[in-house]
Amino acid sequence: MDPTSVPAEAVATAHDMSFIGLFLQADPIVKSVMILLVIASLACWTVVFEKIVRLSAAKRQAKAFDAMVRSEGTIDTQQKGIAGQVVKAGLDAWRDQDPSESRAERRERIERAMKGALGLEVKRLQGGLPLLATSGSTAPFVGLFGTVWGIMNSFSSIAKSQDTSLAVVAPGIAEALFATAIGLVVAIPAVMAYNKLSGDVARVQSGFVSCIAVLGNRLARDRGPHARAAAAE
């Protein structure tokens, strides 16, 4: 029987239009693009959940640090996480006092030490965010490549079968467009998560910086018993 004489209905029933069916019936290159995008999506969601947990802890640490600095009480050397590293850097710089330096110079040196420690911790918080940015900007184009490749194959099949009916054209084009859809599913959450998490990191950093200025001024002038006790611990 001539393949070109097969009714359009028979061709249509030979194609599974479900998501799994579109993937399994896709061209190997289109299928590879889909797999790559799914892996990128899993990696992005892993980063998102990890950042949510770490940023929640960082926000709590920032609040505790702010409360300690504003209280004018004893400097708590048992602070955890980012706050602990900042306090440790500040006290280390405070201990290393030079009698010849002015109070302004001492304050600047202490603040510089604390900001350096904060910068290292913020870099750790930002780890993984470039993946979200890269996925958000490139995933649509990767999906588009799969779509273009799939449509090229569809047109090639149409030319061979010499049948331009919708039943023949639709399955191949659907498989190709599915790659773009996956690319958008990867890109949209990645961009939204990147913007949200970057803003959260910036707010945490800003909160610490404002407190560092207060604590630096306090350490630069304070030679009282509570500062000495904290430095001795």
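This is a predicted model, so every value here is computed, not measured. (Residues numbered from 1 in each chain as written. Predicted model: local features only at pLDDT ≥ 70, side-chain atom pairs only at ≥ 80, totals over all residues. Heavy atoms only, no water.)

**Considerations on the overall build of the protein chain**
Going by this rule: Helix numbers and strand numbers start at the N terminus; a helix is a DSSP run of H or I with at least 4 residues, a strand a run of E with at least 2. We call a residue buried when its accessible area falls under 20% of the maximum for its residue type, exposed when it is over 50%, and partly exposed in between, using a 1.4 Å probe and counting protein chains only. Whether two residues touch is decided by their heavy atoms; if any such pair falls within 4.5 Å, the residues are in contact. Surface accessibility follows the Shrake-Rupley procedure with a 1.4 Å probe radius. Residue values consider only the protein chains on display as shielding.
Secondary structure assignment for the protein chain yields 8 helices and 0 strands. Going from the N terminus to the C terminus, the protein chain shows its helices and strands as α-α-α-α-α-α-α-α. Looking at the protein chain as a whole, 36% of its 233 residues are labelled buried. Considering only contacts in the protein chain between residues 6 or more positions apart, those separated by 24 or more positions represent 81%. When the accessible surface of the protein chain is split by element, carbon and sulfur atoms take 66% of a total near 12,700 Å².

**So, the nonpolar core**
Short version of the rule: Nonpolar core, defined: a set of buried Ala, Val, Leu, Ile, Met, Phe, Trp, Tyr and Cys residues in which side-chain atoms within 4.5 Å join the residues together.
Counting residues in hydrophobic clusters, the biggest one holds 34 residues, and the most contacted among them are Phe-65, Leu-132, Phe-208 and Leu-215. Broken down by secondary-structure element, the contributors of at least two residues to this core are helix H3 (28-71), helix H4 (81-95), helix H5 (103-126), helix H6 (129-161) and helix H7 (166-221). The biggest single contributor to this core is H7, with 10 residues. If sequence neighbours within four positions are ignored, Leu-132 has contacts with Cys-44, Val-47, Val-48, Ala-190, Ala-193, Tyr-194 and Leu-197. In terms of nonpolar packing, the next biggest core, distinct from the first, is built from 10 residues, Val-30, Met-34, Ile-182 and Ala-187 among them.

**What about the UniProt feature "transmembrane region" (unreviewed entry) in the protein chain?**
Convention followed: UniProt positions are given in the numbering used here, feature names are shortened, and annotations may be inferred rather than shown by experiment.
Per the UniProt record, "transmembrane region" (unreviewed entry) is annotated on residues 33-53, 131-152 and 172-194. Across residues 33-53, the secondary structure splits into 100% helix and 0% strand, with the terminal C-alpha atoms separated by 31 Å. Here residues 131-152 is 100% helix and 0% strand, with 30 Å between the C-alpha atoms at its ends.

**Some details on the packing of aromatic side chains**
As a reminder of what qualifies: Only Phe, Tyr and Trp rings are paired, with Trp represented by its six-membered ring, and only when their centres lie within 6.5 Å; those with planes under 30 degrees apart are stacked, over 60 edge-to-face, the remainder tilted.
The final tally for this structure, using the stated rule, is 3 aromatic pairs. Taken together, a centroid distance of 6.2 Å and an interplanar angle of 45 degrees make the contact between Phe-145 and Trp-149 tilted. Taken together, the residues Phe-145 and Trp-149, both in helix H6 and 4 residues apart, mark about one turn of the helix. For Trp-149, a relative accessible area of 28% translates into the label partly exposed.

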